[in-house]
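# Structural overview for review
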Amino acid sequence: MLAFDERSHQIDFVYTNPGNPSLPPSLTLKGQGRHTRLVVRGQTYTGEFRCGFW
């Protein structure tokens, strides 16, 4: 699932690994600007979401 709003700089991205060890692990990336969280394998990382759209 991917929801991205360029105007508000928000992202809501969920990737679920289908059980294939050759693919990246399941992850969730959600937030807005400096208040963005990446969750991978139970670990939470916080930071700023930036991309080339703005």
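Presented here is a report on the structure given in the accompanying data block. (Residues numbered from 1 in each chain as written. Predicted model: local features only at pLDDT ≥ 70, side-chain atom pairs only at ≥ 80, totals over all residues. Heavy atoms only, no water.)

### Considering the side chain of Thr 36
Just so we agree on the cut-off: Numbered from the N terminus, helices here are DSSP runs of H or I no shorter than four residues, and strands are runs of E no shorter than two. Residue burial is assigned from relative accessible area. The probe radius is 1.4 Å, only protein chains are included, and a residue is buried under 20% of its type maximum, exposed over 50%, and partly exposed in between. Think of a polar contact as two N or O atoms within 3.5 Å of one another; within protein, one of them needs to be a possible hydrogen donor and the other a possible acceptor, and neighboring residues in sequence only count if both atoms come from side chains. Residue contacts are counted whenever heavy atoms from the two residues lie within 4.5 Å of one another.
For Thr 36, the location among the structural elements is in strand S4 (residues 35-40). By relative accessible area, Thr 36 is classed as buried at 5%. A polar contact is formed between the side chain of Thr 36 and the backbone nitrogen of Gln 32, at a distance of 3.5 Å. From its side chain, Thr 36 meets the backbone oxygen of Gly 33 in a polar contact 2.9 Å long. Setting aside chain neighbours within four positions, we find Thr 36 in contact with Leu 29, Lys 30, Gly 31, Tyr 45, Thr 46, Gly 47 and Phe 49.

### Some thoughts on unusual backbone geometry
Excluding glycine, most residues fall at negative phi; most peptide bonds, likewise, are trans. Look at His 9: it is not a glycine, yet its phi comes out positive at around 60°. A positive phi is found at Arg 41, a non-glycine position, where the angle reads about 50°. Mapped onto the secondary structure, Arg 41 falls in the loop between S4 and strand S5 (43-47). Judged by its relative accessible area of 72%, Arg 41 is exposed.

### Digging into the side chain of Asn 17
Turning to its location among the elements, Asn 17 is positioned in the loop between strand S2 (10-15) and strand S3 (27-32). A distance of 2.8 Å separates a polar side-chain atom of Asn 17 from the backbone nitrogen of Asn 20. Those residues in contact with Asn 17, other than ones at most four positions away along the chain, are Leu 23, Pro 24, Pro 25 and Ser 26.

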